[in-house]
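Tertiary structure, described
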Amino acid sequence: MAEINGGRLAAKQLKQAGIDTAFGVVAGPMIEVMAGMQAEGIQVVNCRHEESACFAASAWGYLKKKPGVVIAGSGPGMINTVTGLHVATESGMPLVVLGGSVDSRTRGLGGFQEADQLAFAKPGAKWTAQVDSTERIPELIHLALGKAVGGRPGGVYLDFPGQFVRRRIDDEAVRLRIASPDVSVPHPDPRVVEAIASMLATASRPLILVGKGAAWADATAGLTRLVELGIPYVASPMGRGVIADDNPMCMNAARSAALAGADAVLMVGGRFNWIFQFGRAPRFAADVRLAQVDIVAEEMTNAADLEFGLVADCAAATEALAEALAGRRLATSGTGWVEALRTDAAKNEAAIAEQMASDRAPINHYRLLRDIRDAIPRDVNVSVDAELTMGVARAVLPSYNPRALLNSGTTGCMGTGVPYALGARLAMPDRPAVAVVGDYAFGAAAMEVETAARVGANVGFVISNNGGIAGHSIQDRMFAPDSPPIAALLPVDYERMGEMVGGFSARVTDPADIRPTLDRALNSGKVAVVNVITDPKGGSRGSMYLG
């Protein structure tokens, strides 16, 4: 009689569900799960920290439209995943953490690495559960995977008491969950579709806001039809690329004027949270009409005072709206609204043109981001992480594909950029992946450069090294002149990490060297670390907090 342990059983169910890559940190009592995954042909990516594993898995899952899976050990190992669960849930990215825990037979007695792991996970997760028998492992994993992608994606946690991982059962008693149902998406109510269509058709200054929910729903076709009727749009950072940024109706460069001037706004797959200033004045006009498309009904009674809430899949909803507006003449066609926004966008772009072309040293952030923009291909997956770097990237770096631009999202969590790029490269090995990070953000997960090299994920890491958090601006502004470096950092030779793992490494101090160095890095066929020394006194126009 052949037997199988709980770890191999978990791996079999993951394989059955189509999971071919998982992330984590090798630790008990979950080593059997990792060994089982390797035996089942699942790539196991052993990261240097559980938080980074969660971010890498979240990016992998978001790009693949599958749950990203993380295996974590007990106690501190699982607790290190709590931030990742929180960020995944708030940012709408699918993540399943399988965390080992103390044997239930010794719970409460001070067992090794004992912690109330369900309590740690609950505030940051959509759903939590605990394995109560080895036989039920497949069913509970099936539930966890479904919860992660159902409705708005997010993080879920499944707890594995150690004895159920180690226990062996007769393999003839194994019952995997095989069914993979064809699940319909929520379709829009025709009555509300017509009401929103009429609002957009009669508005003098309509505007569409595109969030990452539209990216998750692959709503490109419907949204493109809508904007081509003559309705301008603004995208959140992770909503960018659903419609390519070079579409003539993209008004990201005139964001403030678009939000303040619109008399009717349709939010598609985003939230009226701090990123869009809660949908309230003075960011928006006091009398603006607001409508929202979201897959979650509870979102319709959040911060903004909506006139219409359409609970539906973003792709289905935008196609229905485009159909409802087909053949109608929109009132905005005679108001000059689009032309005014294009004028404002051109003015804003001109205002940063000098900085983007600057040949001065230390290197200007805008010049660095411009050269990155010009060096990367159109199909690249980019992650951005930092304060100034993210603020400048928002103005300079375009995106042309859905789910191709990743950043810290709703939570503003630093430390996402390096592992997001790792996960993106593993999810789409045929596309290049580049992390554009500040020096502080790079340091939060820098050892994952070794992980990338070890698993053959040839990511390009480009560091804007301005010597601290927001360069020296916080150090100089918030601390006394004779203070020790608190927000400031040492001028570290980060490029040596590329050399350390046998990859490409370069330090750039001259603006003229940025582009040729990036070209060599991206064509090296290796993990690349490019350390660009940028102006510690330089700031960005505006703030990163524009979503």
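Residues numbered from 1 in each chain as written. Predicted model: local features only at pLDDT ≥ 70, side-chain atom pairs only at ≥ 80, totals over all residues. Heavy atoms only, no water.

Details of the overall build of the protein
Helix and strand content of the protein: 22 helices and 19 strands. Computed over the C-alpha atoms, the radius of gyration of the protein is 24 Å, within 12% of the 24 Å expected from 2.2 N^0.38 for a compact globule of 547 residues. Along the first, second and third principal axes, the C-alpha atoms of the protein reach 80 × 60 × 45 Å. Look at the contacts in the protein between residues 6 or more apart in sequence, and 76% of them connect residues 24 or more apart. Accessible area of the protein: about 21,100 Å², with a carbon and sulfur share of 52%. Charge separation in the protein, taken as the distance between the mean sites of 51 positive and 57 negative side-chain charges, equals 1 Å. (Helix = DSSP H or I, 4+ residues; strand = E, 2+ residues; numbered from the N terminus. Rg over C-alpha atoms; globule rule 2.2 N^0.38 Å. Contact = heavy atoms within 4.5 Å. Areas by Shrake-Rupley, 256 points an atom, 1.4 Å probe, with all protein chains shown as cover. Lys, Arg positive; Asp, Glu negative; His and termini not counted. Charge placed at Lys NZ, Arg CZ, Asp CG, Glu CD.)

Topic: the side chain of Glu50
Along the chain, the position of Glu50 falls in helix H3 (residues 50-64). For Glu50, the side chain forms a polar contact with the side chain of Asn80, separated by 2.9 Å. Once you skip the residues sitting within four places of it in the chain, Glu50 turns out to touch Val25, Ala72, Gly77, Asn80 and Thr81. (Polar contact = N/O pair within 3.5 Å; in protein donor to acceptor, adjacent residues only side chain to side chain.)

Quick word on the sheet that holds strand E4 (residues 68-72)
Pairing is parallel in the open sheet, where 6 strands are placed in the order E3-E2-E4-E5-E7-E6. Bordering the open sheet on either side are strand E3 (43-46) and strand E6 (127-130), each of which pairs with just one other strand. Each strand axis lies, on average, 20° off the axis of its neighbour in the sheet, ignoring direction. Judged from the 2 bridges that link them, strand E2 (residues 21-24) and E4 form a sheet pairing that is parallel. Directly across from Gly24, in E4, lies its bridge partner Ile71. Against the sheet, H3 engages E2, E4 and strand E5 (95-101), with an angle of about 160° to E4. Along the sheet, helix H5 (residues 82-91) contacts E5 and strand E7 (155-161); its crossing angle with E7, the most-contacted strand, is approximately 145°. (Pairing = 2+ DSSP bridges. Axes fitted to C-alpha atoms, helices over the stretch in contact; angles between N-to-C directions.)

So, the environment of Thr411
You can see Thr411 is positioned in the loop between strand E15 (405-406) and helix H17 (417-427). Along the chain, Thr411 and Ala88 lie 323 residues apart, while their C-alpha atoms are 9.4 Å from each other. When near neighbours in sequence (up to four residues on either side) are disregarded, Thr411 contacts His86, Val87 and Glu90. At 3.3 Å, the side chain of Thr411 forms a polar contact with the backbone nitrogen of Cys413.

As for the environment of Val234
By the secondary structure assignment, Val234 is in strand E10 (residues 233-235). Accessibility expressed as a relative area gives 0% for Val234, which makes it buried. Linking Val234 and Leu259, residues 25 residues apart in sequence, is a C-alpha distance of 8.5 Å. (Buried < 20%, exposed > 50% of the residue type's maximum accessible area, 1.4 Å probe, protein only.)

Focus: the sheet that holds strand E14 (residues 381-385)
The strand order across the open sheet built from 6 strands is E15-E14-E16-E17-E19-E18, with neighbouring strands paired in parallel fashion. Each edge of the open sheet carries a strand with a single partner, namely E15 and strand E18 (504-508). Pairing geometry for E14 and E15, over 2 bridges, is parallel. Bridging across to E15, Val382 finds its partner in Leu405. Helix-sheet contacts for H17 involve E14, E15, strand E16 (433-438) and strand E17 (460-465), and the interaxial angle to E16 is about 180°.

Some points on empty space enclosed by the protein
Taken as a whole and assessed by the stated rule, the structure comprises 2 cavities of 30 Å³ or more. Its boundaries defined by the atoms lining it, the largest cavity holds a volume of some 80 Å³. Looking at the lining of the largest cavity, the elements with two or more residues in it are helix H16 (388-396) and helix H18 (439-443). Among the elements that make up the lining of the largest cavity, the one with the highest residue count is H18 (3 residues). Class assignment of the residues belonging to the lining of the largest cavity gives a composition of 7 nonpolar, 6 polar and 2 charged. Empty space within the second largest cavity amounts to approximately 40 Å³. Residue assignment for the lining of the second largest cavity shows that the elements contributing at least two residues are E17, helix H22 (514-522) and strand E19 (528-533). Partitioning the lining of the second largest cavity into residue classes produces 7 nonpolar, 1 polar and no charged. (1 Å grid on protein atoms, 1.4 Å probe; cavity = no way out; pocket = protein on both sides within 12 Å on 5 of 7 lines; lining within 4 Å. Points joined across faces, edges and corners; volume = space filled by probe spheres on them. Nonpolar A, V, L, I, M, F, W, Y, C, P; charged D, E, K, R; others polar.)

So, unusual backbone geometry
Backbone torsion omega between Gly28 and Pro29 reads 5°, so that peptide bond is classified as cis. A cis amide bond, omega 0°, links Ala361 with the succeeding residue Pro362. Of note, Pro362 is situated in the loop between helix H14 (337-356) and helix H15 (365-375). Residue Phe278 is not a glycine yet carries a positive backbone phi of 65°. In this fold, Phe278 is placed in the loop between strand E11 (264-268) and strand E12 (289-294). Positive phi, normally seen in glycine, also occurs at Arg403, with a value near 60°.

Describing the packing of helix H11 (residues 220-227) against helix H13 (residues 314-325)
Between H11 and H13, the shortest axis-to-axis distance is 7 Å and the interhelical angle comes to 30°. The angle between H11 and H13 places the two elements in the roughly parallel class. You can see that H11 and H13 cross each other, and the crossing is left-handed. Taking contact as the criterion, the partners of Ala221, Gly222, Leu223, Arg225 and Leu226 in H11 are, on H13, Thr318, Glu319, Leu321, Ala322, Glu323 and Leu325. Here the contact of H11 with H13 is built from residues that sort into 6 nonpolar, 2 polar and 3 charged. (Parallel < 35°, antiparallel > 145°, perpendicular 65-115°, else oblique. Left-handed = near helix turned anticlockwise from the far one by under 90°.)

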